[in-house]
Amino acid sequence: MSIQQKLKDKLNQREASGSLRKLSVADKNKIDFCSNDYLGLARNPALHQRIQEAYTNVSGIHNGATGSRLISGNSEHHLSLEKKLASLFLSESALLFNSGYAANTAILSAIPQKGDTIIYDEYIHASLKEGARLSFANRFAFHHNDLHDLERKMQKATGDIFVVAESVYSMDGDFAPLLKLVTLCEKYGANLIWDEAHTTGVWGRGGNGIACMENLHKRLFARVYTFGKGPGVHGGCIAGSEVLIQYLINFARPLIYTTALPLHSLVSIEESFRFQQDHTDLQTSLHERIQFFRKTLTDHPSLKTHFIDSQSPIQAVKIGGNQRTRMVATQLQHLGFDVRPILSPTVKEGEERLRICLHLYNTEQEIEALIEELSAVLQNVPVSVEK
């Protein structure tokens, strides 16, 4: 059998299971309840103007970075921005990456060594799991937010121990118990790697995340920040000690062997955080929307049972079954709500869901209408629709 036929057969299997992925373009005529643009900065006209003006004021022509930062791609703009990010994130140093995915892959593939142990929450992002696989260290998952399971695995660990968790988990929208994680890691001399992807911009002074807000940042080994969600731009960084950053410059392949971020991205990141510092009401408005959503749910007790309890912008509605979940999402889309299904194998079979993302630009009327229509759709879609 040819490789082309094998690939085709694999795609056919996925299509038969109702989990075939396809690229789609967001419909701007629908109400956005699916993007990660929590603060609305990706579509904010005032921020757009500030970015354009700042970029125009930079002398010279800069269409691209021209190479890796270790060859020709580094610039004073990179170094200046990293100093500003280190100050914002209350760390000795910071290192830019082209994405949060690259940063996560970098730190776990470069730091843990053969004989060491990586123990990660089973719900961490694919980029962190990818980095762990690329490492020569032993790796184990612990049950989601289960510190007893984590401790059992820590007691069996060898070498240096690295514990990996996220501030907010992207599929459930729930928080990791940071203080308890820090305390447990200190008990066993473990190093905590903390991913602030979904809290960057959304919590903390100037958008510096949960660890800084809870004044626990100094007790962590490393923190990863992502700029493509709350900040509304692109890129990411790792914040930590100067030694950590210098080590990554020398050993992190996703940094060493890729073209650096272009100047426009650097300007966008800087202006986004300046904008957030100038508009502290952004966080307040978003959290008001979250609380309004949760309050409105209390008027629909039968619907509330489908939701995973969440204080974050991510509200997960468990439906179950790829076909049924897709059917519910399609009906909501026909009603004008851009809500997307999350299907297995992205989540475990039987835990297929709608992932509703809240934004500060979602009005109370839109939130009420979504909940009303979702309640009606769920009552009308049969439970057994799987093939």
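The model shown is predicted, which means the values in this text are computed figures rather than measured ones.

A. Spotlight on the pattern of salt bridges. Across all of its chains, the model carries 20 salt bridges by this definition. A salt bridge links Arg274 to Glu270; the shortest N-O distance between them is 2.8 Å. With Arg274 and Glu270 both in helix α11 (residues 263–278) and four residues apart, the pair spans about one turn of that helix. Classification of Arg274 as partly exposed rests on a relative accessible area of 38%. Arg340 is the partner of Asp338 in a salt bridge, and the nearest nitrogen-oxygen pair spans 2.6 Å. Within this structure, Arg50, Lys84, Glu270, Glu271, Arg274 and Asp278 form a network of salt bridges that share partners.

B. A look at the nonpolar core. Grouped together as the largest cluster of nonpolar side chains are 108 residues, with contacts concentrated most on Leu85, Phe227, Ile238, Ile356 and Leu374. Once residues lying within four places of it in the same chain are set aside, the contact partners of Ile356 are Phe33, Phe293, Phe307, Pro313, Ile314, Gln315, Val317, Val339, Leu370 and Leu374.

C. Layout of the packing of aromatic side chains. Applying the stated criterion to the full structure yields eight aromatic pairs. Here Phe33 and Phe337 contribute two aromatic rings whose centre-to-centre distance is 6.3 Å and whose plane-to-plane angle is 45°, an arrangement assigned as tilted. Here Phe33 is found in the loop between β1 (31–32) and α2 (45–57), whereas its partner Phe337 is found in strand β10 (residues 337–338), with 304 residues between them in sequence. You'll find Phe33 and Phe337 in the same group, each marked buried. Seen from their ring centres, Phe162 and Phe221 are 5.9 Å apart, and the 70° between their planes marks the pair as edge-to-face. Taken together, the residues span a long stretch of sequence, with Phe162 in strand β5 (residues 161–166) and Phe221 in the loop between α8 (209–213) and β7 (222–226) at a distance of 59 residues. The class for Phe162 is buried, based on a relative accessible area of 4%. Phe221 gets classed as partly exposed once you look at its relative accessible area, which sits at 26%.

D. Representation of the sheet that holds strand β3 (residues 117–121). Spatial strand order, β2-β8-β7-β6-β5-β3-β4: seven strands in an open sheet with mixed pairing. Bordering the open sheet on either side are β2 (93–97) and β4 (138–142), each of which pairs with just one other strand. Averaged over all pairs of adjacent strands, the angle between their axes in this sheet comes to 20°, without regard to strand direction. Bridge analysis of β3 against β4 gives five bridges, and the strand direction is parallel. Directly across from Ile118, in β4, lies its bridge partner Arg139. Sheet contacts for helix α3 (residues 76–88): β2 and β8 (236–240); angle to β2, the most-contacted strand, approximately 125°.

E. Representation of the environment of Thr226 within the structure. Considering the arrangement of structural elements, one finds Thr226 in strand β7. Along the backbone, Thr226 and Asn104 are 122 residues apart, and their C-alpha atoms lie at a distance of 9.8 Å. Setting aside its immediate chain neighbours within four residues, Thr226 contacts Gly100, Ala197, Thr200, Pro231, Gly235 and Gly236.

F. Region of interest: empty space enclosed by the protein. A complete count under the given rule lists one cavity of 30 Å³ or more for this structure. By volume, the largest cavity is sized at about 70 Å³. Looking at the lining of the largest cavity, the elements with two or more residues in it are β2 and α10 (253–256). Its residues assigned to classes, the lining of the largest cavity comprises six nonpolar, four polar and one charged.

G. A look at the sheet that holds strand β9 (residues 314–318). The strand order β9-β12-β11 describes an open sheet built from three strands, whose pairing is antiparallel. In the strand order of this sheet, the two ends are held by β9 and β11 (340–342), each with one partner. Strand after strand, the sheet turns through a mean of 35° between neighbouring axes, direction not considered. Where β11 and strand β12 (residues 353–357) come together, three bridges link them in antiparallel fashion. For Pro341, the partnering residue across the bridge sits in β12 and is Leu354.

H. Up close: the state of the cysteines. Going through the model one piece at a time under the given rule, you end up with zero disulfides. Cys212 takes part in no disulfide bond, and the closest cysteine sulfur to it belongs to Cys237, at a distance of 10 Å. Left unpaired, Cys357 is separated from the closest cysteine sulfur, that of Cys34, by 7.1 Å.

Here is what the cut-offs are and how they apply
- Residues numbered from 1 in each chain as written.
- Predicted model: local features only at pLDDT ≥ 70, side-chain atom pairs only at ≥ 80, totals over all residues.
- Heavy atoms only, no water.
- Salt bridge = Lys/Arg side-chain N within 4 Å of Asp/Glu carboxyl O.
- Helix = DSSP H or I, 4+ residues; strand = E, 2+ residues; numbered from the N terminus.
- Buried < 20%, exposed > 50% of the residue type's maximum accessible area, 1.4 Å probe, protein only.
- Core = buried A, V, L, I, M, F, W, Y, C linked by side-chain atoms within 4.5 Å.
- Contact = heavy atoms within 4.5 Å.
- Phe/Tyr/Trp six-rings, centres within 6.5 Å; stacked < 30°, edge-to-face > 60°.
- Pairing = 2+ DSSP bridges.
- Axes fitted to C-alpha atoms, helices over the stretch in contact; angles between N-to-C directions.
- 1 Å grid on protein atoms, 1.4 Å probe; cavity = no way out; pocket = protein on both sides within 12 Å on 5 of 7 lines; lining within 4 Å.
- Points joined across faces, edges and corners; volume = space filled by probe spheres on them.
- Nonpolar A, V, L, I, M, F, W, Y, C, P; charged D, E, K, R; others polar.
- Disulfide = S-S within 2.5 Å.

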